[in-house]
Every structure is written in structure tokens, then in C-alpha cells.
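The residues making up each chain are set out below.
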Amino acid sequence: MTDTGKLLDVRDLCVSYRTYEGKLKVVDGLTLEVRHGEKVGLVGETGCGKTTTMRAILGILPRPAGQVDSGEIIFKGNNVLQMKQKEIQRIRGVAITAIFQNPTAALNPVFTIGQQLYDVIRSQEWRKSGKRLSGKEVHDRAVKALKEAALHDPERLLSNYPVQLSGGMKQRVCIALAMVSDAELLIADEPGTALDVTIQDQILRLSMFMMSKRNTATLYIEHSLGVIREWMDRVYVMYAGRTVEVANSVDIFRSPRHPYTRGLLEAVPKLTGGGIARGIMGRVPEYIDPPGGCRFHPRCEYRMDICTKEKPPFFDLGDEHKVACYHSGS
Ligand SMILES: Nc1ncnc2c1ncn2[C@@H]1O[C@H](COP(=O)(O)OP(=O)(O)OP(=O)(O)O)[C@@H](O)[C@H]1O
Ligand SMILES: [Mg+2]
């Protein structure tokens, strides 16, 4: 059934990779939703499956290793996993856009920035309205997009190759590429990770500012809770392939309920001094033979018998705060 409030609705998603050692069950029953115009954060430790989730939503899992085993990815009321290839391309190119972790890998080194932007602008317009733009129209839109992404001297940039640009400039070009699409949903996968901290902050602010201006819904993937605190409406906390807690970005900091969320927050050094309080012992499990029941149970000090046997459902705590934990949910 179509729910007009939800733009993206991911239900019980399971994604695995086939390797020589066997099947890695990375994403295992992941649930998340993004509403129209909403800014949603997805946080979790390295290796918990954030990029895998993003790739599954965008339909760009590495083939043949990666595959969606089950679940639904519903975009504007339609299950993307059941669509024909042509339909999927239209949605993924026009309605959903992305910014990736590594800007160097996202740009093609053998084409100029101009060629890459013109290409996207032309094909976006063609897919959206069936209209062929003139050379001047394409060029003007490219210049406008580069200016909006706070890049100076766009005329010169258009004739540059990616190798001639700094990391920060390349990521700005990627933001410009994402902007020319007029998409309803942007998925950003830690767009600042490959950059130094000051540039990271600029990139975050720029992408958030542009999304807010256009009212584009955003799924912002980050491993640090602090970075997205300022910008997000809601935050999903992910652990070992599952979302374990969701709340608005005030409540997740004020009253985190899942032991993993609490550990993540405690692992952030305090500005007031005192360093890291406790953090979480251990690490994300191996996906070849992940723990049964709650995947966090081997690291959890509140573990009960049921946690080792049954996967916890989401318990509703009110005010859109939900937690998948037998200890803190009931
Ligand atoms: N192509 C692949 N083949 C096999 N395993 C993979 C592949 N890509 C990712 N994985 C495994 O899937 C797991 C999740 O990886 P993923 O990149 O989704 O994590 P992440 O949450 O994005 O981490 P990070 O914060 O470091 O970016 C990891 O154990 C990783 O080794
Ligand atoms: Mg990643």
C-alpha cells in the first residue's frame, strides 16, 4: 500500500556477500524509513554494514559477490527490488542521488569535470522530461552547479581533470553532480571521511545547506554520532547489519536506550575533559557465523537468556523512539 508520508521504506532487508570462505550475512533484517524532506542519520561502527545498505538501496552492490537475499526497498510506494531494470534506472538516476565515501573513486579520471557534469545534466533532463538541452544550456547549468557547491572559477574547472583537483574540490564536484539531479532523496555515505577535518566540516555544512534549501530528503551515513547531531531530524543506530535504535536527534543523545548506543555515546571524548568514559568492549562480529538472537549479545553486559536465542523486535517507547532490545525495550 502506498504511504504518502514515506519516501523510502526499507523493510527486513537481508544482504550477503559470497566469498571463498562462505556466505557473509552482513545486513540481516534491517528496517529504516525516510520521509519526504526529512534528514535521517545512519550511524554505527566501521564494518557494521552502512555502505552495504546504501549500495543495496542504490542497486550497486558489487556483482556477483553481493546480493539482496530478502526484504523490501520501497521507494514512493513501489518495491524497487521487483521493478524492471529500465524503471529502476529511471528512479535511481533521477529521483535518488548519492555522494560517496571516496571522491577520487567516484570521478572518472579520464574525463574532464565538464564532460562528467555535462553528461549527467543531459541525461537527467532527457530522462526527466525527454528534452534535449542545447550546449549553452548544459554549460550554464554546470557553471551554476559548481558555483552553488562553492567552487571558484568554474569556467576553468570545467576543463580540468580530477587529478588536477584537491580532495576537497573533488568532493565539492561530487556534490555539484548530485545537485544537478533535482532528486527527492540524497544518500550520502560519509562524504568527509577521505578529507581532513576542516574540509570535512565544510563539506558537511555545504551538503546539508544545499539539501535544506531544496528540501531534499537525506539519508546521511556517518560513523560519528556527534557529526550529525546538529543536522538530522532522526537518527538510526546500526549494529552488525541491523538497526537497533531510532529516535529524533535530541532524544538519541538525551536518553539513549540500547546498550550499544550508550556505548557509542560514551566513546565520544567529552569537550569538558575526562576523555573517553568507557566505550564498548569487543568488536563487530564475523559475518560468516554471526551470533544468534541479538547480534550484540556477546558484547552486552545486560544480556539475558532470550537475547542469545531470539532476534529482538523493535519496542515502541513513544515519541517515535524505538529500540530493538529485550533489556531496555520492555
Ligand atoms: N565486496 C565485498 N565482498 C565481501 N565482503 C564485503 C564486501 N564489501 C563489504 N564487505 C564486508 O561487509 C561488512 C560491512 O562492510 P561495509 O563497507 O558495508 O561497512 P561500513 O559500515 O560501511 O564500514 P565503514 O564505516 O568502515 O565504511 C564488512 O565486514 C566488509 O568486510
Ligand atoms: Mg562505509
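All of these numbers come straight from a predicted model, not from anything done at the bench. (Residues numbered from 1 in each chain as written. Chains lettered and ligands numbered in written order. Predicted model: local features only at pLDDT ≥ 70, side-chain atom pairs only at ≥ 80, totals over all residues.)

Before going further, it helps to spend a moment on unusual backbone geometry. Across the junction of Arg63 and Pro64, the peptide omega takes the value 0°, indicating a cis bond. Here Pro64 is to be found in the loop between helix H1 (50-58) and strand E4 (66-75). Positive phi, normally seen in glycine, also occurs at Ala240, with a value near 45°. Summarising the element assignment, Ala240 is placed in the loop between strand E9 (234-239) and strand E10 (242-248). Since 26 C-beta atoms lie within 10 Å of it, Ala240 is described here as buried. (Helix = DSSP H or I, 4+ residues; strand = E, 2+ residues; numbered from the N terminus. Buried ≥ 20, exposed ≤ 12 C-beta atoms within 10 Å, placed from the backbone.)

Sheet topology note: the strand E1 (residues 6-19)/strand E2 (residues 22-35) ladder contains eleven bridges and is antiparallel. Looking at the pairing, Tyr17 lines up with Leu24 of E2. Between E1 and E2, which pair antiparallel and follow one another directly, the connecting turn spans two residues. (Pairing = 2+ DSSP bridges.)

By the criterion of burial, strand E3 (residues 39-43) is predominantly enclosed, with five of the five residues buried. Burial along E3 is two-sided: Lys39, Gly41 and Val43 facing one way and Val40 and Leu42 facing the other are all buried. In the sheet, E3 pairs with strand E8 (residues 217-222) via five bridges, with the strands oriented parallel. Bridging from a neighbouring strand, Leu42 pairs with Ile221 of E8. Relative to E9, E3 is paired through four bridges, and the arrangement is parallel. Within E9, the residue paired with Val43 across the bridge is Val237.

Ordered by their spatial adjacency, four strands build an open sheet running E2-E1-E4-E5, and the pairing between neighbours is antiparallel. Only two strands of the sheet have a single neighbouring strand rather than two, namely E2 and strand E5 (78-79). Sheet strands touched by H1: E1, E2 and E4. Its angle to E2, the strand with the most contacts, is close to 70°. (Contact = placed C-beta atoms within 7 Å. Axes fitted to C-alpha atoms, helices over the stretch in contact; angles between N-to-C directions.)

Our next topic: the site of ligand 1. Taken together, 17 residues are adjacent to ligand 1, and Tyr17, Thr46, Lys50, Thr51 and Thr52 come closest. Counting residues per element, the ones that place at least two in the shell around ligand 1 are E1, E2 and H1. The greatest single-element share of the shell around ligand 1, amounting to three residues, is contributed by H1. Here the shell around ligand 1 is composed, by residue class, of seven nonpolar, nine polar and one charged. (Near = placed C-beta within 6 Å. Nonpolar A, V, L, I, M, F, W, Y, C, P; charged D, E, K, R; others polar.)

Moving on to the nonpolar core. Leu117, Ala176 and Leu185 are the most contacted members of the largest nonpolar core, which totals 82 residues. Ranked by residues supplied to this core, first place goes to helix H7 (residues 167-179) with eight residues. Non-local contacts of Leu185, meaning those with residues more than four positions away in its chain, are made with Leu7, Leu8, Val34, Ala95, Ile96, Thr216, Ala217 and Leu219. (Core = buried A, V, L, I, M, F, W, Y, C linked by C-beta atoms within 7 Å.)

This part takes up the confidence of the model for the protein chain. Residues with a pLDDT of 70 or more make up 93% of the protein chain, whose mean pLDDT is 88. When the elements of the protein chain are averaged for pLDDT, helix H9 (residues 225-229) gives the smallest value, 73, and strand E12 (residues 322-323) the largest, 97. (pLDDT = per-residue confidence, 0-100.)

A separate point is the packing of helix H4 (residues 113-129) against helix H5 (residues 135-148). Relative to each other, H4 and H5 sit at 110°, their axes nearing to 9 Å. On the basis of their axis angle, the class for H4 and H5 is roughly perpendicular. Where H4 crosses over H5, the two elements pack in a sense that is right-handed. Judged by residue contacts, Gly114, Leu117, Tyr118, Ile121 and Arg122 of H4 engage Val138, Arg141, Ala142 and Ala145 from H5. Split into classes, the residues belonging to the contact of H4 with H5 amount to six nonpolar, one polar and two charged. (Parallel < 35°, antiparallel > 145°, perpendicular 65-115°, else oblique. Left-handed = near helix turned anticlockwise from the far one by under 90°.)

Moving on, we get to the sheet that holds strand E11 (residues 315-316). In any sheet, the strands associate via hydrogen bonds between backbone groups, in a parallel or an antiparallel arrangement. Spatially, E6-E7-E8-E3-E9-E10-E12-E11 is the arrangement adopted by the eight strands of the open sheet, whose pairing is mixed. The open sheet has two edge strands with one neighbour each: strand E6 (96-99) and E11. Strand contacts of H1: E3, E6, strand E7 (185-189), E8 and E9, with the helix running at about 150° to E7, the strand carrying the most contacts. Sheet strands in contact with H7 are E6 and E7, and its direction is about 180° off that of E6.

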